[in-house]
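Each chain is listed here by its residues.
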Amino acid sequence: MKITTIPFANPCVSQDFEDKTVVVIDVLRATSTMITALMHGAGEIIPVVEIEEALQQKKNFPPSELLLCGERSAGIIPGFDLGNSPFDYTSERVTGKTIIMSTTNGTKAINMANKAQELVLASFINALTVGKYLQQKKEIILFCSGTHGQFSLDDVLCAGFIASEIQKSTAVEACDLTSLLMLNWQQVQHQYSTLIKNCVHGKLLIRKGFEQDIDYCLTTGVTDLIPQYDFQSKSIKQKSLATY
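What you see is a predicted model; the values in this text were computed from it and never measured.

Rules behind the numbers
Residues numbered from 1 in each chain as written. Predicted model: local features only at pLDDT ≥ 70, side-chain atom pairs only at ≥ 80, totals over all residues. Heavy atoms only, no water. Helix = DSSP H or I, 4+ residues; strand = E, 2+ residues; numbered from the N terminus. Rg over C-alpha atoms; globule rule 2.2 N^0.38 Å. Contact = heavy atoms within 4.5 Å. Areas by Shrake-Rupley, 256 points an atom, 1.4 Å probe, with all protein chains shown as cover. Lys, Arg positive; Asp, Glu negative; His and termini not counted. Charge placed at Lys NZ, Arg CZ, Asp CG, Glu CD. Expected span 1.5 Å × (residues − 1). Buried < 20%, exposed > 50% of the residue type's maximum accessible area, 1.4 Å probe, protein only. Polar contact = N/O pair within 3.5 Å; in protein donor to acceptor, adjacent residues only side chain to side chain. Core = buried A, V, L, I, M, F, W, Y, C linked by side-chain atoms within 4.5 Å. Salt bridge = Lys/Arg side-chain N within 4 Å of Asp/Glu carboxyl O.

A. Spatial organisation of the overall build of the chain. On a plain count of helices and strands, the chain comes out with ten helices and eleven strands. Taken against the 2.2 N^0.38 rule, which gives 18 Å for 244 residues, the C-alpha radius of gyration of the chain at 17 Å falls within 12% of a compact globule. Dimensions of the chain, computed from the C-alpha atoms along their principal axes, are close to 50 × 40 × 35 Å. Of the contacts formed within the chain by residues at least 6 apart in sequence, a portion of 77% connects residues at least 24 apart. With an accessible surface of roughly 10,600 Å², the chain has 49% of that area assigned to carbon and sulfur atoms. Taken as two groups, the 21 positive and 25 negative side-chain charges of the chain have centres that lie 1 Å from each other.

B. Layout of helix α6 (residues 153–167). An ideal rise of 1.5 Å per residue puts 21 Å on 15 residues; α6 measures up with 21 Å between its terminal C-alpha atoms. Of all 15 residues that make up α6, 13 are buried, and the element is covered over most of its length.

C. Structural context of the environment of Y192. Note that Y192 resides in helix α8 (residues 192–197). Overall, Y192 belongs to the buried group, its relative accessible area being 12%. Reaching out from Y192, the side chain makes a polar contact with the backbone oxygen of L218 at a distance of 2.4 Å.

D. Molecular detail of the nonpolar core. Within the largest apolar cluster, 71 residues are counted, with the highest numbers of intra-cluster contacts made by F17, I99, F124, F143 and I162. Contacts of I99, omitting those with residues within four sequence positions, involve A37, A42, E44, I45, I46, L67, C69, Y89 and V94. Listed in part, the eight residues of the second largest apolar core include A54, L66, I77 and F80.

E. Main features of the side chain of E44. With respect to the secondary-structure elements, E44 resides in strand β3 (residues 44–47). Here E44 sits buried without a salt bridge, and the closest side chain of opposite charge, K237, lies 4.4 Å off (N-O distance). Side chain to side chain, E44 and S235 meet in a polar contact 2.8 Å long. In this view, E44 contacts L38, F61, K97, T98, I99, S233, S235, I236 and K237; residues no more than four positions away in its chain are not counted.

Given below as structure tokens:
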């Protein structure tokens, strides 16, 4: 298996992902929140880049079936129903709903990878299952969303974790960055939570009162759910457990 890691979104173009299995990682907090929303019964998530696009998409759905969600600078977008905290996405709020979501980093990465053969979402909360699911794939891109176009420690540590899980049972041909991240994960796995809380993005969220979100997003084994992008509907849905 060939594994390549992309450390943040800015250097990429959509053609980089053609015919590959792409794993979008935005630990703090977009992919963690999307996974949680589907885990709690959301019907589908439509990821959009711009706020204006979200407002335009809103017109296509009855208000009772829709939640408009997202963040800018870690806070809820004015006029939207929910922000980007996974704790907002309870079963009571999201069951059966279509969610239109726009975030600073994660939804940008998802849309950038829209020429992939397959696109799934990962975070620490489902990384163990994602690692198992990917073991039979031929070529994988671990696509770290980053933060404001910059390298972000939370995403690359998760990429190293996933790659390490794959390597346990599959021979891999890793790019240099993936090899470095796997080696790094082996060295820091017992203190990764502390490291992430002290990274730029982690400290920003803590200052804004979201430390509980970080603790949740860094917990492993929360769910076996793997969200998958549906290229026809341009939305993210729950991948059937029977398929992996």
